[in-house]
Amino acid sequence: MMLERLRLYLSQSDYEAPPVGALESPAAVLIAITEHEEAPAVVLTRRSLKLKNHSGEVSLPGGKWEPQDRTLQETALREAEEEIGLDPGVVEVLGALPVFQTWKGVNVAPFVGVIPPHLEFVPNYDELDEIFLVPLSFFVEDQRIRTDVFEREVGHVWSPAYEFDGFEIWGFTARLLINFLNDAFEEVEILRESPAPIKDWSQG
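As the structure is a prediction and not an experimental result, all values here were calculated from the model.

A. Structural context of the overall build of the protein chain. A count of helices and strands for the protein chain gives 4 helices and 12 strands. Computed over C-alpha atoms, the radius of gyration of the protein chain comes to 16 Å, within 12% of the 17 Å expected from 2.2 N^0.38 for 204 residues, which places it in the range of a compact globule. With respect to the principal axes defined by its C-alpha atoms, the protein chain has extents near 45 × 40 × 35 Å. Taking all 204 residues of the protein chain together, the buried fraction comes to 46%.

B. Expanded view of the pattern of salt bridges. Evaluation of the coordinates by the stated rule reveals 13 salt bridges. The salt bridge involving E187 is made with R5; its shortest N-O contact spans 2.8 Å. Here E187, found in the loop between α4 (171-184) and β12 (198-200), pairs with R5, found in helix α1 (residues 2-11); they are 182 residues apart in sequence, far enough to count as distant. Given the relative accessible area of 36%, R5 is considered partly exposed. Connected via shared salt-bridge partners are E66, D69, R78, E79 and E82.

C. Fine view of the side chain of T75. Inspection of the secondary structure assignment puts T75 in helix α2 (residues 72-84). Sequence-distant contacts of T75, defined by excluding residues within four places in its chain, comprise A28, G63, K64, W65 and D69.

D. Structural view of the sheet that holds β12. Spatial strand order, β11-β10-β9-β12: 4 strands in an open sheet with mixed pairing. Among the strands making up the open sheet, the edge pair consists of β11 (167-169) and β12. When strand polarity is set aside, the average angle formed by the axes of neighbouring strands in this sheet is 25 degrees.

E. Inspection of α1 at higher detail. For α1, the set of buried residues is M2, L3, L6 and L10. Viewed along the axis of α1, the buried residues span an arc of 95 degrees, placing them on a single side of the element. Residues of α1 that are buried make contact with β1 (26-34), β5 (92-96), β7 (107-115), α3 (136-141) and α4.

F. Expanded view of the packing of aromatic side chains. What the rule picks out here adds up to 9 aromatic pairs. Taking 6.5 Å as the distance between ring centres and 50 degrees as the angle between the ring planes, the aromatic pair formed by Y9 and F180 counts as tilted. Taken together, the residues Y9 in helix α1 and F180 in helix α4 connect sequence positions 171 residues apart. Aromatic pair F138 and Y162: ring centres 5.7 Å apart, planes at 65 degrees, arrangement edge-to-face. One end of the pair, F138, is in helix α3; the other, Y162, is in strand β10 (residues 158-164), and 24 residues separate them in sequence. Both residues of the pair, F138 and Y162, belong to the buried class. Through successive ring pairs, a cluster of aromatic residues spans F138, F139, Y162 and F164. The side chain of K199 reaches across the aromatic face of W201, ending 3.9 Å from its centre.

Rules behind the numbers
- Residues numbered from 1 in each chain as written.
- Predicted model: local features only at pLDDT ≥ 70, side-chain atom pairs only at ≥ 80, totals over all residues.
- Heavy atoms only, no water.
- Helix = DSSP H or I, 4+ residues; strand = E, 2+ residues; numbered from the N terminus.
- Rg over C-alpha atoms; globule rule 2.2 N^0.38 Å.
- Buried < 20%, exposed > 50% of the residue type's maximum accessible area, 1.4 Å probe, protein only.
- Salt bridge = Lys/Arg side-chain N within 4 Å of Asp/Glu carboxyl O.
- Contact = heavy atoms within 4.5 Å.
- Pairing = 2+ DSSP bridges.
- Axes fitted to C-alpha atoms, helices over the stretch in contact; angles between N-to-C directions.
- Arc of directions from axis to C-beta.
- Phe/Tyr/Trp six-rings, centres within 6.5 Å; stacked < 30°, edge-to-face > 60°.
- Lys NZ or Arg CZ within 6 Å of the ring centre and 35° of its normal.

Below is the structure:
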């Protein structure tokens, strides 16, 4: 049922991703959801500890726009293929979500796609060291371990943080996913207010 409702939500959306030239510092990510009607899951990765930026953080497949990409959707699909070996031909792109800006000013265009279940992913170990699936219901249940609060001029100012099978999901990735689920499901209301402890990142 969840997947059916996501399809309906995105089919009814008239939002279109902006052209590459309309954004400064354009990037794109793919919210790849497995084709399980009752228990769809999203594909996440953990960035390699060898990377200089955001090493060890959980993220969605994606990255910065490159000149060979005609659209930001192409960016998302290319990056997913490079990072996790996901063949663009098996991705059913359902639609785009509004551009989400990081605190560093990168404008990220998210795309939602459905992929066949039980795919074997091939990690690019130069960029990441883990690929794992998280049921969407896990985020809907909002069993967060804390609420992060940020003092920033751009980007999100708060985010839930979750722990799943030893992976910590927080920051941009968590905030993007819960925004998506809040919008897609009327009964879902994941808010800043929570019994979970608060971590104020402006306090160091």
